[in-house]
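Single-letter residue listing:
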Amino acid sequence: MTSDELDIHTREPAKERIAPSSAFVEQANIRDSSLYDTFEREWPTVWNRAAEHVHWDSPYDHVFDEQTREWFVGGELNAAVNCLDRHLDEQKNQRALVWEGLFDEQRTFTYLELTREVEAFAAALRELGVEEGDVVTLHMPMVPELPIAMLACARIGAVHSVVYVGFSADSLTTRMAESGSELLVTCDGYYQRGGAVSLKNKTDRACLGLEWDVTTVVVDRLGEAYEYALGPNDFDYKTLREDHYGTEVEPVARAATDTLFLIYTSGTTGKPKRVTQTTGGYLSYVTWTSHATLDLKPSDTYWCTADIGWITGHSYLVYGPLSIGATVVLHEGRPEYPSKTRLWEVIERNAVDILYTSPSTIRTLMKRGESYIDEYDTSSLRLLGTVGEPINPRVWRWYYEAVGNGECPVVDTWWQTETGGHLITTLPGVTDMKPGAAGPPLPGISASVVDASGESVDPGEGGYLVIDKPWPGMPQELVDSTRWASQEGGLPNTDGWQYVTEDGALVDEDGYVTILGRVDDVIKVSGYRFGSMELESAIVAVEGVAEAAVVTGTHDGHERGLYAYVCLEDTYERTKRIRKAIHESIERVVGPFARPDAIIFTPELPKTSSGKIVRRVLTDLANGNDLGDTSSLRNPEIVGELESITREN
Ligand code: WT7
């Protein structure tokens, strides 16, 4: 298949092979390469091995029900018990959570202390009328009360829906409306890049947009810096905590197939895409992959720099590592703020064993150079992980050598909000690494790369990445795999179950998968995921805008960013006012984190003869790439003009 058909760039398969150091292999949780065969031979019952990593209140009858496609049917468990109570016998005084606040404040919670906090808030939620199965929305920055609230929900069988704190009031309303949520936990505000941002005003506005009354619990993060009045439906977190501290809250046994949480992500439509995770399958899967991929042990101090508002934070900051019983670092801001040495400082202070971060963070740190690392002791590191977007081999190398000293394996973990946990990555103590390729599918995961008619492509050729077999971390929506397929019934020529990931990929002769990027209208930038439709409709909503297309670009060596190509109606001129209105509209509809880095006005967008916008041409322009043959466009003459317009920006 050609890159034109896929509408993305293809890359060379990774060539270099690097074996993990023997020091790492000797202590690795998984050392046995026969695991790949075992999982293939004994699928699906072999998934017992994941379930063995969690505590069940009552055992399941079946590992996998082929009819309903549900995991661990008949079993009962509680996720909060797995993340807290079960560690109390042996680890009650071990630190569960270390919070690194922006202003050099630290708050630590041992497993016992965290359990008590969770029980207090669980009792408070009950008092506020929350019952098993109710949806509680959490719209909070990175403070300890966020994981506490998640686990409090889990303890009483309520379903949490965390909405990333950067989202706008409109986005919060849409998500609360979709889930029917009547209880919201938030903060008065938070600190971002030094300044205080208020949240309470925003959540009040969001609640006004709902057809029902919402009860709001407010955590005071800003202290005296920001005073606010509690309304009749508002409750102060601290007061609730004091009232309920010391109350024992019996955990609710949940069926394996019961919902643990909802999370919304961006799809191809303007509407948020709902992902529903189950208690048994999800918890088993994230615990198992934390053990297998991240090599996590209860004695480890572990830092994942993702925000809890995204799936990475759910799976590999809260549920996976706490279920393992590790010490988790929770960092308030972005890992490169407030100082350029912040990341190294936090690693040194906490003697972090395992670091899990994103290529965009690694790129930022790389630009700042190695001398900053040398001032800090990062020798505690044992394993490095990356997630969120393809990592280029040069950046991979830097991570491996400058950060990991050539001794820590790097796991390049491919997965999605829709998959719940890692699907494609090396096993760090077993499989060699190939910089630039995520790795082979994990044991038990069956992935292939196919063309538009559903046939497997040859090694090294680009195509659509599909997952052929269910796995325990799959959400409820994937029970019926056609739900999320771009075409009705999935790709042609497939019988049986298949999940179309909407990523382009290639597989090499050794079965290693190189991810090429999204093949749908979803955009990834700085780890954030946007539907181009949601951004474009926010732009087109501005008076005077006729058409818009949003792509990502890295022009002239700048950091990857969002490029909005905008056509105005004939009677309008490009003005500062329109630019400002576009920014405001995006902030209102999505949130400030979605502001485009460049707004480029153009008389026309490149189109096919049938009138479809050709994004690849825009992506090439925004990246300063060679454009190749554009003669098949309906308006090839626009390309030259677009080139000079883009360069001027
Ligand atoms: C999309 C999913 C997975 C949790 C965080 C992002 C891209 C993710 C990798 C990787 C290349 C990657 C894909 C995927 N992606 N990990 N290791 N290499 N690309 O979750 O926001 O749902 O985004 O992120 O394009 O489809 P998400």
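Rules and cut-offs
Residues numbered from 1 in each chain as written. Predicted model: local features only at pLDDT ≥ 70, side-chain atom pairs only at ≥ 80, totals over all residues. Heavy atoms only, no water. Pairing = 2+ DSSP bridges. Helix = DSSP H or I, 4+ residues; strand = E, 2+ residues; numbered from the N terminus. Axes fitted to C-alpha atoms, helices over the stretch in contact; angles between N-to-C directions. Domains from an automatic or database assignment. Buried < 20%, exposed > 50% of the residue type's maximum accessible area, 1.4 Å probe, protein only. Contact = heavy atoms within 4.5 Å. 1 Å grid on protein atoms, 1.4 Å probe; cavity = no way out; pocket = protein on both sides within 12 Å on 5 of 7 lines; lining within 4 Å. Points joined across faces, edges and corners; volume = space filled by probe spheres on them. Nonpolar A, V, L, I, M, F, W, Y, C, P; charged D, E, K, R; others polar. Near = heavy atom within 4 Å. Polar contact = N/O pair within 3.5 Å; in protein donor to acceptor, adjacent residues only side chain to side chain. Areas by Shrake-Rupley, 256 points an atom, 1.4 Å probe, with all protein chains shown as cover. Patch = residues over 30% accessible without salt bridge, like charges linked within 9 Å, V, L, I, M, F, W, Y side chains within 5 Å. Salt bridge = Lys/Arg side-chain N within 4 Å of Asp/Glu carboxyl O. Lys, Arg positive; Asp, Glu negative; His and termini not counted. Charge placed at Lys NZ, Arg CZ, Asp CG, Glu CD. Phe/Tyr/Trp six-rings, centres within 6.5 Å; stacked < 30°, edge-to-face > 60°. Core = buried A, V, L, I, M, F, W, Y, C linked by side-chain atoms within 4.5 Å.

With that settled, the discussion passes to the sheet that holds strand E24 (residues 513-518). Spatially, 4 strands are ordered E21-E22-E23-E24 in an open sheet, and the strand pairing comes out antiparallel. A strand with exactly one partner marks an edge of an open sheet, and here the two such strands are strand E21 (447-450) and E24. Direction aside, neighbouring strands of the sheet carry axes that sit 45° apart on average.

Let's shift gears to the domain arrangement of the protein. Under the domain assignment used here, the protein contains domain 1 (3-10 + 463-518) and domain 2 (522-648). Centre-to-centre, using C-alpha coordinates, domain 1 lies 27 Å away from domain 2.

A separate point is unusual backbone geometry. Cis rather than trans, the peptide bond between Trp43 and Pro44 has omega equal to 5°. Structurally, Pro44 is set in the loop between helix H3 (35-41) and helix H4 (48-51). For the bond running from Tyr337 to Pro338, omega is 5°, close enough to zero to count as cis. As for its placement among the helices and strands, Pro338 is situated in the loop between strand E17 (327-331) and helix H14 (342-350). The backbone of Asn405 sits at a positive phi, close to 60°, despite the residue not being glycine.

The next subject is helix H15 (residues 359-368). Among the 10 residues in H15, 8 count as buried, and that is most of the element. When H15 is considered as a whole, its buried residues turn out to be Pro359, Ser360, Thr361, Ile362, Arg363, Thr364, Leu365 and Met366. Buried-residue contacts for H15 involve H14, strand E18 (354-357), strand E19 (383-387) and helix H17 (393-403). Just past H15, the residue Gly369 takes up positive phi, approximately 90°.

Moving on, we come to the layout of surface pockets. Approximately 370 Å³ is the volume found for the second largest pocket. What lines the second largest pocket is a set of 20 residues, among which Gly267, Thr268, Thr269, Lys273 and Trp484 lie closest to the centre. Elements that contribute at least two residues to the lining of the second largest pocket include exactly strand E15 (272-278) and strand E23 (499-507). No other element matches E23, which puts 4 residues into the lining of the second largest pocket. Its residues assigned to classes, the lining of the second largest pocket comprises 5 nonpolar, 5 polar and 10 charged.

What follows is about the site of the ligand. Taken together, 17 residues form the shell around the ligand, and within it Asp412, Thr413, Thr417, Arg518 and Arg529 come nearest. Side-chain polar atom of Gln416 to an oxygen atom of the ligand: 2.9 Å apart, as the coordinates give it. Burial of the ligand by the protein chains amounts to 95% of its free accessible area of 550 Å². Elements with a contribution of two residues or more to the shell around the ligand: helix H13 (311-324), strand E20 (410-413) and E24. Here the residues of the shell around the ligand are counted per class, giving 6 nonpolar, 5 polar and 6 charged.

Judged by side-chain charge, Glu131, Asp134, Glu182 and Asp213 come together as a negatively charged surface patch. By the secondary structure assignment, Asp213 is in the loop between helix H10 (200-208) and strand E11 (215-219).

If you walk through the whole model with that rule in mind, you get 33 aromatic pairs. Measuring from ring centre to ring centre gives 4.8 Å for Phe103 and Tyr191, while their planes differ by 90°; the resulting arrangement is edge-to-face. On the criterion of sequence distance, the pair formed by Phe103 in the loop between strand E4 (95-100) and strand E5 (106-110) and Tyr191 in strand E9 (residues 189-192) is long-range, its members being 88 residues apart. Phe103 gets classed as partly exposed once you look at its relative accessible area, which sits at 45%. Ring plane angle 45° and centroid distance 6.3 Å describe the contact between Trp471 and Tyr499, whose orientation is recorded as tilted. With Trp471 in the loop between strand E22 (463-467) and E23 and Tyr499 in strand E23, this residue pair connects regions lying 28 residues apart in the sequence. The burial state of Trp471 is the same as that of Tyr499; both residues are buried.

With respect to the secondary-structure elements, Asp170 resides in helix H9 (residues 169-179). With 83 residues separating them in the primary sequence, Asp170 and Ala253 have C-alpha atoms 35 Å apart. Those residues in contact with Asp170 that lie beyond four places of it in its chain are Arg588 and Val589.

This part takes up the nonpolar core. If you look at the biggest cluster of nonpolar residues, it comprises 151 residues, and the most contacted ones within it are Trp47, Phe121, Tyr319, Trp471, Val566 and Ile582. When residues of this core are assigned to their parent elements, the largest contribution, 9 residues, is made by helix H8 (residues 145-156). Residue assignment places this core across two domains, with domain 1 (3-10 + 463-518) and domain 2 (522-648) each supplying three or more. Filtering out sequence-adjacent residues up to four positions away, Ile582 remains in contact with Ile539, Val542, Val545, Val566, Ile599 and Phe601.

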